[in-house]
Every structure is written in C-alpha cells, then in structure tokens.
Amino acid sequence: MNGSKYDVVIVGGGPGGLSAAVHLSKKGLKVKVFEKKKILGTPVRCGEYFPVKAEMEKLVPRVKNLDVIDAPPESVDTTCRSIRMISPRGHEFEFPFAAYILDRHIFESHLGEIAQSHGADIDIGIQAHYFPDDQGGWVGPTREKAVHGDIIIAADGYPSETAERAGLPERAYAGPYAVATNIEYLMTDLNVEQNVAEMYMDPRYSPGGYGWIIPKGHGRANVGIGIREPYVRRDWQIRDLLTGFIEKNAVASKRLAGGNKASMIGDSLPVDGP
Ligand SMILES: Cc1cc2nc3c(=O)[nH]c(=O)nc-3n(C[C@H](O)[C@H](O)[C@H](O)COP(=O)(O)OP(=O)(O)OC[C@H]3O[C@@H](n4cnc5c(N)ncnc54)[C@H](O)[C@@H]3O)c2cc1C
C-alpha cells in the first residue's frame, strides 16, 4: 500500500467516473481517478448522441437541480433538432428533441480538465483493482501501489470488476434481457440530414433493440444496431445483422447508399435494472 489517502477513489474515467470527479472535487473532496485507457475518451465506444440539458430535465422531471455538465462548443460535432423513428414497415414519425452529437474524446478530456482544476488527481493508462477493507478500501494497479479511499466509486463500465469485488455482482441481477450488445460503424461520404437523428425499429436486423443513424457532420454518421441476446437466433452474427441493416433495411439503405465504413466499435451495456 503506498499510503496516499483520498476521500473518494474512482475506478474508471468514462463520462460517469469523470462527472463524479467533477462534482465531488468541486465540493472540496480529495478525489483520485484511475483510467486504464491511455487517452481519455479514446477509443470512442458510443453513438455520441447526448440530449441537451432542457430535454434531460423533461425526461427526469422528478430530479431537482439536475446538474448536467455543459458540453463545450468544441466538443459538439453537430446539433440535432429532432428524432425520426422508422417503423419496421418503413413508416416515419418525427418529433422535436434537441441533442448534441458529441466528440466524446473532446468531451471527456474537458471533464478531466475541470476535475483537475478542482484538485482531482487523474491517473491515465492504469488498470486498477479494488482491495476492500472495512473503511472503503484500497485501489491501484497492485496491492503494493494502491491508494486508500474512504469511498470507492465503481465507474468501470459493464461488467464492473470493482462492483463485483465489493460484493455487488452485476451479472447476477443483469439477466440476458437487461444487457444489450451494440455495434457501430463510423461511416463517411454520406449525404444524410445533419440535424435529424434516426432510430429504426427493425426486428430483422436489430432484434430486441433498434438501429440508428446519428449524423456527425462533414458527411459522417455513427451507424449502428443494439440487440439483446434472447431475441437473436443462434446462427445470426451481430456483424451480419449490422450489414443487413445498412444494405437491406428499405429506408436506411437509401440514406446510406454510397457511404464508406471507416471504423467499427462494439460493446455490451446494461439497459435495465438498478
Ligand atoms: C456502440 C454504442 C453506442 C452507444 N451510443 C450511445 C449514445 O448515442 N448516447 C448515449 O448516451 N449512450 C450511448 N451508449 C452508451 C454509453 O456509451 C454508455 O452508457 C456510457 O459510456 C457509460 O459511461 P460510464 O462512464 O458509466 O462507463 P464507460 O464509458 O464504459 O467507462 C468506463 C471506463 O472505465 C475504464 N475502466 C474499466 N476498467 C477499469 C479498470 N480496472 N481500471 C481503470 N479503468 C477502467 C474504461 O476504460 C472506461 O473508460 C452507446 C454504447 C455503445 C457500446
């Protein structure tokens, strides 16, 4: 144990961990964050669709003083004024909903800078492990190099090793219906509308979830599907489902015609439960 002591140690420097670091360091607490990626927010694993604060307030009306951290202008790739839902038969329904499409690397770097400006320590490129004791516990790459925190925040994504070590086994309550697998291409050379995000209900290509085309400016879009395993036939591969969505969904295939796939990402995340 290296002997350093903190009020709060946060495992994971994604948007959850960094937001906690901002709020807690602003209150004067001594905060430490461990992030295993070498650069905050990179590689991006997200559609980067981020409702503006006014929409968040409408979504969670019972949360008083919702303290959403503003996205700085340089982190906003584009702004959407509405969402268009496309039914399995291709019917389109559009309604107003304002959202930023963020560059998550810039946004997360911004969160890190705010937290640091309030005194938080952020260690990047370190995979940390939690060693519980009866007053919070120790966190670090090894037991010998661990620092002590009175409170430990498990912000290491899904599934969380930290939560598991704290006796909160996420996988035990997050059954197969509560976990989605998302996969997405960044596509380029597109001519999609830049101020409308599209969500596709299409059980053929996004069983148990939905597909999306989220514009990112300069002819780019995040194009992906989310699925849930119990709805997927055993012989289906998620990559083939995404290809099917891009090439065979009657509406999406027209929007995406002529586009190129630049990079692919994928991850699992809880969509239900505590
Ligand atoms: C393809 C895809 C598209 C998505 N699209 C959207 C969208 O458009 N809008 C939206 O709001 N959400 C979207 N999401 C969901 C969104 O990305 C997550 O809800 C969000 O990232 C969760 O934030 P988090 O900070 O809780 O966890 P994460 O973003 O998972 O961050 C956890 C962090 O912990 C780090 N970490 C893990 N283990 C350790 C360790 N042992 N030591 C140190 N660091 C560790 C990881 O490197 C990571 O940086 C999408 C997800 C996927 C996969």
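That block above? That's the structure.
If you're wondering where the values come from, they're calculated on a predicted model, not measured in any experiment.

How each quantity is defined
- Within each chain, residue numbers correspond to sequence positions counted from 1 in written order.
- Note on the predicted model: pLDDT of at least 70 is required for a residue's local features to be given, and 80 or more for side-chain atom pairs to be given and counted; whole-chain, interface and lining totals, by contrast, use all residues.
- Side-chain metrics rest on all non-hydrogen atoms present in the structure, leaving aside hydrogens and water.
- In DSSP terms, a helix is any run of H or I states spanning at least four residues, a strand is any run of E spanning at least two, and both are numbered starting from the N terminus.
- The rule is simple: take the accessible area with a 1.4 Å probe, protein chains only, and divide by the maximum for that residue type; under 20% is buried, over 50% is exposed, in between is partly exposed.
- Two N or O atoms count as a polar contact when they lie within 3.5 Å, although within protein this holds only if one can serve as hydrogen donor and the other as acceptor, and sequence-adjacent residues are included solely when both atoms are side-chain atoms.
- Being near a molecule or strand, for a residue, comes down to having at least one heavy atom within 4 Å of it.
- Residue burial considers only the protein chains on display, and all accessible areas are found by Shrake-Rupley using a 1.4 Å probe.
- Under this grouping Gly is polar, as are all residues other than the nonpolar Ala, Val, Leu, Ile, Met, Phe, Trp, Tyr, Cys and Pro and the charged Asp, Glu, Lys and Arg.
- Domains are outlined according to an automatic or database domain assignment.
- Criterion used throughout: strands pair if DSSP finds at least two bridges between them.
- Convention adopted: a line fitted to C-alpha atoms gives each axis, helices being fitted over their contacting stretch, and angles between N-to-C directions are expressed from 0 to 180 degrees.
- Definition of nonpolar core: a set of buried residues of the types Ala, Val, Leu, Ile, Met, Phe, Trp, Tyr and Cys, connected through side-chain atoms within 4.5 Å.
- Whether two residues are in contact is decided by their heavy atoms, any of which lying within 4.5 Å being enough.
- Convention used here: angles under 35 degrees read as roughly parallel, angles over 145 as roughly antiparallel, angles from 65 to 115 as roughly perpendicular, and any remaining angle as oblique.
- Two helices cross in a left-handed way if the nearer one is turned anticlockwise from the farther one by less than a right angle. They cross in a right-handed way if the turn is clockwise.

A.B. asks: Explain the side chain of serine 75 residue by residue, including any values.
C.D. replies: Looking at where serine 75 falls in the secondary structure, it is placed in the loop between α2 (53-59) and β4 (76-86). Residue serine 75 is classed as buried on the basis of its relative accessible area of 0%. At a separation of 2.7 Å, a polar atom in the side chain of serine 75 contacts the main-chain carbonyl oxygen of proline 72.

A.B. asks: Report on the site of the ligand, specifying residues and quantitative values.
C.D. replies: Taken together, 27 residues lie around the ligand, and Gly16, Glu35, Gly47, Tyr49 and Ala128 are the ones closest in. One of the backbone nitrogen or oxygen atoms of glutamate 48 is found 3.2 Å away from an oxygen atom of the ligand. Surface burial for the ligand is 76%, taken as the share of its 1000 Å² of free accessible area covered by protein chains. Taken together, the residues that form the shell around the ligand break down as 11 nonpolar, 7 polar and 9 charged. When residues of the shell around the ligand are sorted by domain, at least three fall in each of domain 1 (5-48 + 106-172) and domain 2 (74-100 + 174-270).

A.B. asks: Lay out the sheet that holds strand β9 (residues 147-154) in plain terms, naming residues and giving numbers.
C.D. replies: As summarised here, the arrangement of the 6 strands in space is β6-β2-β1-β9-β8-β7, forming an open sheet in which the pairing is mixed. The open sheet terminates on both sides in strands that have one partner only, identified here as β6 (121-124) and β7 (129-132). Across the sheet, the mean angle separating the axes of adjacent strands is 35° when strand polarity is ignored. Pairing between β7 and strand β8 (residues 137-140): 4 bridges, direction antiparallel. By the bridge assignment, phenylalanine 131 is partnered in β8 with tryptophan 138.

A.B. asks: How would you summarise the nonpolar core if you had to cite specific residues and measurements?
C.D. replies: As a rule of thumb, soluble globular proteins bury nonpolar side chains together. Ranked by size, the top nonpolar core spans 21 residues in total, and within it Ile213, Val223, Phe245, Ile246 and Leu256 carry the most contacts. Listing elements by their share of this core, those giving two or more residues are β10 (179-188), β13 (220-227), α6 (238-248) and α7 (250-255). The contacts of isoleucine 246, once residues within four sequence positions are left out, are Tyr185, Met187, Val223, Ala252, Ser253, Leu256 and Lys261. Within the second largest apolar cluster, 18 residues are counted, among which are Val8, Val31, Ala115 and Ile122.

A.B. asks: Can you lay out the packing of helix α1 (residues 15-26) against helix α3 (residues 104-117) for me, pointing to particular residues and giving the numbers?
C.D. replies: Angle between the axes and distance between the axes are the two parameters that describe a pair of packed helices. Taken N-terminus to C-terminus, the directions of α1 and α3 make an angle of 25°; their axes are 8 Å apart at the nearest point. Judged by the inter-axis angle, α1 sits roughly parallel to α3. Remark: the crossing between α1 and α3 carries left-handed chirality. Along its contact with α1, which presents Pro15, Leu18, Ser19, Ala21, Val22 and Ser25, the element α3 presents Arg104, Glu108, Leu111, Gly112, Ile114 and Ala115. Tallied by class, the residues present in the contact of α1 with α3 amount to 7 nonpolar, 3 polar and 2 charged.

A.B. asks: Can you explain the sheet that holds β10? Please cite residues and give values.
C.D. replies: Strand order across the open sheet formed by 8 strands is β3-β5-β4-β11-β12-β13-β10-β14, with mixed pairing between neighbours. Where the open sheet ends on each side, the last strands, each with one partner, are β3 (49-51) and β14 (260-270). Within the sheet, the average angular offset between the axes of one strand and its neighbour, ignoring direction, is 30°. Across 3 bridges, β3 lies against strand β5 (residues 92-102) in antiparallel orientation. Residue pairing across strands places proline 51 opposite alanine 99, the latter belonging to β5. α6 contacts β10, β11 (196-200), β12 (210-217), β13 and β14 of the sheet and is inclined by roughly 130° relative to β13.

A.B. asks: Give a description of the side chain of serine 87 that names residues and reports values.
C.D. replies: You can see serine 87 is positioned in the loop between β4 and β5. Each residue touching serine 87, except ones within four places of it in the same chain, is listed here: Phe93 and Met201.

A.B. asks: Can you break down the environment of isoleucine 227 residue by residue, with the values?
C.D. replies: Summarising the element assignment, isoleucine 227 is placed in strand β13. Dropping the residues within four chain positions of it, isoleucine 227 is found in contact with Val179, Ala180, Thr181, Asn182, Tyr205, Ser206, Pro207, Gly209, Val232, Ile238 and Leu241.

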